[in-house]
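# Structure at a glance
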Amino acid sequence: MVNDIENKKGQPDVLPAALFGLCPNCGQKTLFVGVTKFSDKCRSCGLDYSQYNVGDGPAAFLTMIIGALVLGLALAVEANFHPPLWVHILLWVPLTILAVVGSLRVSKGILLILEHRNQAREGSIEDRAGP
């Protein structure tokens, strides 16, 4: 299998690498310098992370998905327990922030790792001279 071949080269699996911030090339814990900010390059093997363009796509999708899930949970809690407003604020604001930031870190890591593994680059339209 492809995964077995890649793992023999020292490359970690995609999900563990994204969860723990492992370099997609050497497997060292050098992918992130902050909570969701990538390092400029791997301190172990020198892989340049700035060549990959993850963008802001994960942030928009995760905010909408997690927002819908938290809204559903908040409505269920309200319908079943009728807590005061301050309980909702104490529950849902920190949960939303932690869920978005945590999943953003993992999703950005997954995208960078897959971009590295698939050697993805910007697309270009070639000018073909045809009949």
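Please read these numbers as outputs of a predicted model, since none were measured by experiment.

## Some remarks on the overall build of the protein chain
Secondary structure summary: the protein chain contains four helices and zero strands in total. Taken from N to C terminus, the helices and strands of the protein chain fall in the order α-α-α-α. Within the span of the protein chain, comprising 131 residues, buried residues form 30% of the whole. Taking as baseline every contact in the protein chain between residues at least 6 positions apart, the subset at least 24 positions apart corresponds to 52%. With the model as given, the accessible surface of the protein chain reaches about 9,000 Å², and the carbon-plus-sulfur share is 64%.

## Here's the deal with the packing of helix α3 (residues 57-81) against helix α4 (residues 85-117)
Following both chains from N to C, one finds α3 and α4 inclined at 150°, their axes separated by 9 Å at the closest point. It follows that α3 is roughly antiparallel to α4 by the angle criterion. Crossing geometry of α3 relative to α4 is assigned as right-handed. Of the residues in α4, those in contact with Pro58, Ala59, Leu62, Thr63, Ile66, Val70, Leu73, Ala74, Val77 and Glu78 of α3 are His88, Trp92, Leu95, Thr96, Ala99, Val100, Ser103, Leu104, Ser107, Lys108 and Leu111. Across the contact of α3 with α4, the residue classes break down as 14 nonpolar, five polar and two charged.

## Remarks on the environment of arginine 121
Assignment of secondary structure puts arginine 121 in the segment after α4. Given a relative accessible area of 52%, arginine 121 falls into the exposed group. Along the backbone, arginine 121 and tyrosine 52 are 69 residues apart, and their C-alpha atoms lie at a distance of 7.9 Å. Beyond its immediate stretch of four places on either side in the chain, arginine 121 contacts Gln51 and Tyr52.

## Here we look at the packing of aromatic side chains
Applying the stated criterion to the full structure yields one aromatic pair. Each ring, one from phenylalanine 32 and one from phenylalanine 38, has its centre 5.1 Å from the other, and the planes form 15°; the classification is stacked. Judged on exposure class, the residue phenylalanine 32 and its partner phenylalanine 38 are both buried.

## Some words on the side chain of histidine 88
By the element assignment, histidine 88 lies in helix α4. The class for histidine 88 is buried, based on a relative accessible area of 12%. Among the polar contacts listed, one links the side chain of histidine 88 to the side chain of glutamate 78, at a separation of 2.7 Å. Discounting residues that sit within four places of it in the chain, histidine 88 has contacts with Ala74, Val77, Glu78, Pro83 and Val93.

## A closer look at the nonpolar core
The tendency in soluble globular proteins is for nonpolar side chains to be buried as a group. With 15 residues, the main nonpolar core has Leu31, Phe38, Leu47, Tyr49 and Leu112 as its most contacted residues. Those elements that place two or more of their residues in this core are α2 (14-20) and α4. Considering each element in turn, this core owes the most residues, three residues, to α4. Counting residues in each nonpolar core, the second largest holds eight residues, with Ile66, Val77, Trp92 and Val100 among its members.

Quick notes on the rules
- Residues numbered from 1 in each chain as written.
- Predicted model: local features only at pLDDT ≥ 70, side-chain atom pairs only at ≥ 80, totals over all residues.
- Heavy atoms only, no water.
- Helix = DSSP H or I, 4+ residues; strand = E, 2+ residues; numbered from the N terminus.
- Buried < 20%, exposed > 50% of the residue type's maximum accessible area, 1.4 Å probe, protein only.
- Contact = heavy atoms within 4.5 Å.
- Areas by Shrake-Rupley, 256 points an atom, 1.4 Å probe, with all protein chains shown as cover.
- Axes fitted to C-alpha atoms, helices over the stretch in contact; angles between N-to-C directions.
- Parallel < 35°, antiparallel > 145°, perpendicular 65-115°, else oblique.
- Left-handed = near helix turned anticlockwise from the far one by under 90°.
- Nonpolar A, V, L, I, M, F, W, Y, C, P; charged D, E, K, R; others polar.
- Phe/Tyr/Trp six-rings, centres within 6.5 Å; stacked < 30°, edge-to-face > 60°.
- Polar contact = N/O pair within 3.5 Å; in protein donor to acceptor, adjacent residues only side chain to side chain.
- Core = buried A, V, L, I, M, F, W, Y, C linked by side-chain atoms within 4.5 Å.

The values are spatial; any link to function lies outside them.
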